[in-house]
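# Chains, contacts and geometry: an overview
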Amino acid sequence: MKIASVVVDVPAKQTDRSFDYLIPDEWLETIQPGMRVVVPFGPRKIQGFVTEIKAESDFKKLREICEPMDLEPVLNQELLELGNWLTENTLCFKIYAYQAMLPAALKAKYEKKVRLSAGVLINDLPIQLQEIFTNEEAISWDEALKKGLVPILQREAAKGILEVIHLVKGKLNKKKVKFVRPLLSTADLEAELNELPQRAEKQKEVLRYFVQNPEPVELRHLLADLNISSATVKSLVEKKLLVEKFMEVYRDPYENRTFTRTEPMRLTDDQQSAIGPILSSIENNLHEVFLLYGVTGSGKTEIYLQSIQDVIGKGREAIVLVPEIALTPQMVNRFKGRFGNLVAVLHSGLSAGEKYDEWRKIQRKEVKVVVGARSAIFAPFENLGIIIIDEEHETSYKQEEMPRYHARDVAIERAQKNNCPVVLGSATPALETFARAQKGVFKLLSLPNRMNKRALPEVEIIDMREELRAGNRSMFSRKLFELLKERIEKKEQSVLFLNKRGHSSFVMCRDCGYVMNCPNCDISLTYHKVKEQMKCHYCGYESYVPNQCPECSSDYIRYFGTGTQKVEDELGKILPEAKVIRMDVDTTSQKGAHEKLLKEFHEGKADILLGTQMIAKGLDFPNITLVGVLSADTMLHLPDFRSSEKTFQLLTQVSGRAGRHELPGEVIIQTYTPEHYSVELAGTQDYLRFYNREMIMRKAHHYPPFYYLALITISHEQLMTVVSATEKIAAFVRSRLSQHAVILGPAASPIPRINNRYRYHCLIKYKREPELTKTLKTILDQYQTDPKSGLLVSIDINPFILM
Ligand code: ADP
Ligand code: ZN
Ligand code: ZN
């Protein structure tokens, strides 16, 4: 007797463990750990993951597994264990951990059907239903709804004549296409070829093709290549010379592209010294984490490519993560160009089917390298030789839903298990990362110079308060306006960048740039229009909205925020001759829109590209000679302790967009706070000084990397219920942790109400709290097992969005 431990697809506290099932004899040989199976669960049938096969169980009366859903495991042993790690470290349900590792196509879909109960005869049914159940064994719920049959079905079900069943839809939609192959040996084909009458020239041509290429070929390719009709093939099939059959093919999103092969370049001295330690780590099967710190264009990607070359040479595999938005054709080309068919690509632009097919190439070891966004960190390789994370500071590496993991942490965990290096690359590393490199936990590798020795562009910071004083109330400074006009005349291109994000609004004095900050947290207070109030979303501090600037007494202090639409309108007024392409969430929501707009801009169809942060990356067009940042401040005053860091990173990155090629570039940064260090130091692209300056702030206010954070968010339809639950939770946390931990809140979340649910949170800052995980688990146990309370509690360890 064999027993399988199964984690079932019911994300709830009570079911967040494995259940034992008997393996029926017929599946004894088949079922293995890491496979998906269909199991009975209460009255339903659901999907589950087999985590272990064992000989005994503590439970009696085990039910049997219905059937396997896979022919081979979809999770290998390492990933099964990684699931435990994820569950423990992000406090998620185990089923979510496993599902996060698989392409969406493998997520179970359930189908509700109605069928005749056992032992019931057709004649027992009302006439109206008899025909349906004569032809079909069961009718799907959707179909019943469409035909208006639900009430009558329900009546019969209540009598026990019919029953409702839930089926797991396991059938995967693999793409199959028609192939043609010869039925005879090459010699026999040649003989047949001579038998064919002279006028059957087309048919002869096909046979000649197969004499030379006996392999199966996709029908549509054959027709196109030989310029023949399907009738020609058909007649050869009827003569039993060829045979048609459906074969599975991969949906290849890059099918119609050709990639120019590139050879490794001779590394510069800087690159040599940077790659040395990585190669020796690969050579010695050592787990080490490297921070490859170098500006854009300093040759990082070439180092990635050559390290991977080494890894492949040793018969091992590589994962490369790049931010979603940077997964441009340009980036993909560089990897496909070097490693050709050995590369799989995973990003959100692919259809579910395409993603599934790319994933299977990894699963079947047909590729050696995966280049992908965050979730590619779970690529089912079994012999990893390196994990690379490019632009490692990007916040998109943190997943904001369960499991709330950071790809960097998962990378380090996997690399440890595989005894291989992790390479983190960035020009503006996350503070946490750079601090670890300074301490020697990570090894710092630097590339101080740009490859082509091209100078970084000239950056000018414009003080918008001066503009106001000079009587200019527009959102364009005089200098920026002048330069834009000049570019249009010279037929060069400009990029305008509106640094705007999210739901936050703040109040700023337009005379002196003063912004109200929380005295406790040093983050800006958020303006609440409805209540005319200023609030801190970390600690709950409240204040009135000033109608005079406390700093300079100006009356010109007000709510701040501008949309791309508004900028476009104003551009139309002041530069009516300019052709503008606007890129923001509104204009790029459709699949492919992003690429299409960029292509138009590249082809010179517009003078100005106007957009939000989505245009900060990947833009590498020779004709861009001016970059304007309209308001560097908006992100600076987000209620987020990382706002200075994000501002610095973004300004540095946008500045790098100008003058990357022959034409020199200029950058204009408009701001109301030119003296703020993250604006000033972005102007000189001085990361080290920024790092030192920002670390002082972080230390003073107990933020990472000096402290860790955990965020508990509680929501409910009743405000009073949320507030009192959050108070209780905060008190409980206080009673369990040491006095070194700082517990802030309860405070309203920056988005205080979503979907009619009020949201409150409590933020924990800590250094070493051995009781923390247990405490948080207790809280989850208590609230997740009591659905009647209506309270939803979520916990984010190392949160990135404090909203
Ligand atoms: P990064 O990834 O830091 O932005 P890249 O690796 O893309 O830098 O290098 C920038 C440019 O320099 C690319 O066009 C690349 O092809 C080129 N390059 C990189 N390494 C070398 C080298 N050793 N010799 C010549 N050109 C190089
Ligand atoms: Zn002021
Ligand atoms: Zn505060």
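Summarised in this report is the structure supplied together with it. (Residues numbered from 1 in each chain as written. Chains lettered and ligands numbered in written order. Predicted model: local features only at pLDDT ≥ 70, side-chain atom pairs only at ≥ 80, totals over all residues. Heavy atoms only, no water.)

As a further point, take unusual backbone geometry. P704 connects to P705 through a cis peptide bond whose omega is 5°. Examined against the element boundaries, P705 turns out to sit in the loop between α23 (687-700) and β30 (708-716). That bond from G745 to P746 is cis: its omega, 5°, falls within 30 degrees of zero. Relative to the assigned elements, P746 resides in strand β31 (residues 742-754). In this model, Q685 sits at a positive phi of 50°, which is unusual for a non-glycine residue. Positionally, Q685 belongs in the loop between α22 (677-683) and α23. According to the relative accessible area criterion, Q685 is buried, its value standing at 18%. Of note in this structure, N798 is not a glycine but carries a positive phi near 55°. In this fold, N798 is placed in the segment after β33 (792-797). (Helix = DSSP H or I, 4+ residues; strand = E, 2+ residues; numbered from the N terminus. Buried < 20%, exposed > 50% of the residue type's maximum accessible area, 1.4 Å probe, protein only.)

What follows covers the coordination of the zinc ion (ligand 2). Expected angles at a metal are 109.5 degrees for tetrahedral coordination by four donors and either 90 or 180 degrees for octahedral coordination by six donors. At this site the zinc ion (ligand 2) is bound by C509 (SG), C512 (SG), C549 (SG) and C552 (SG), with donor distances of 2.3 to 2.4 Å. Because the angles between the four donor atoms bound to the zinc ion (ligand 2) fall within 106 to 112°, the donor set is best described as tetrahedral. Counting the intervening residues between successive donors of the zinc ion (ligand 2) yields the motif C-x2-C-x36-C-x2-C. Here the residue C512 occupies a position in the loop between β21 (506-509) and β22 (526-528), and C552 occupies one in the loop between β24 (542-544) and β25 (557-560), the gap between them amounting to 40 residues. The exposure class of C552 is partly exposed, given its relative accessible area of 34%. (Donors = N, O, S within 2.8 Å, 3.2 Å for Na, K, Ca; no water. Tetrahedral: all angles 85-135°; square planar, octahedral: opposite > 155°, others 65-115°.)

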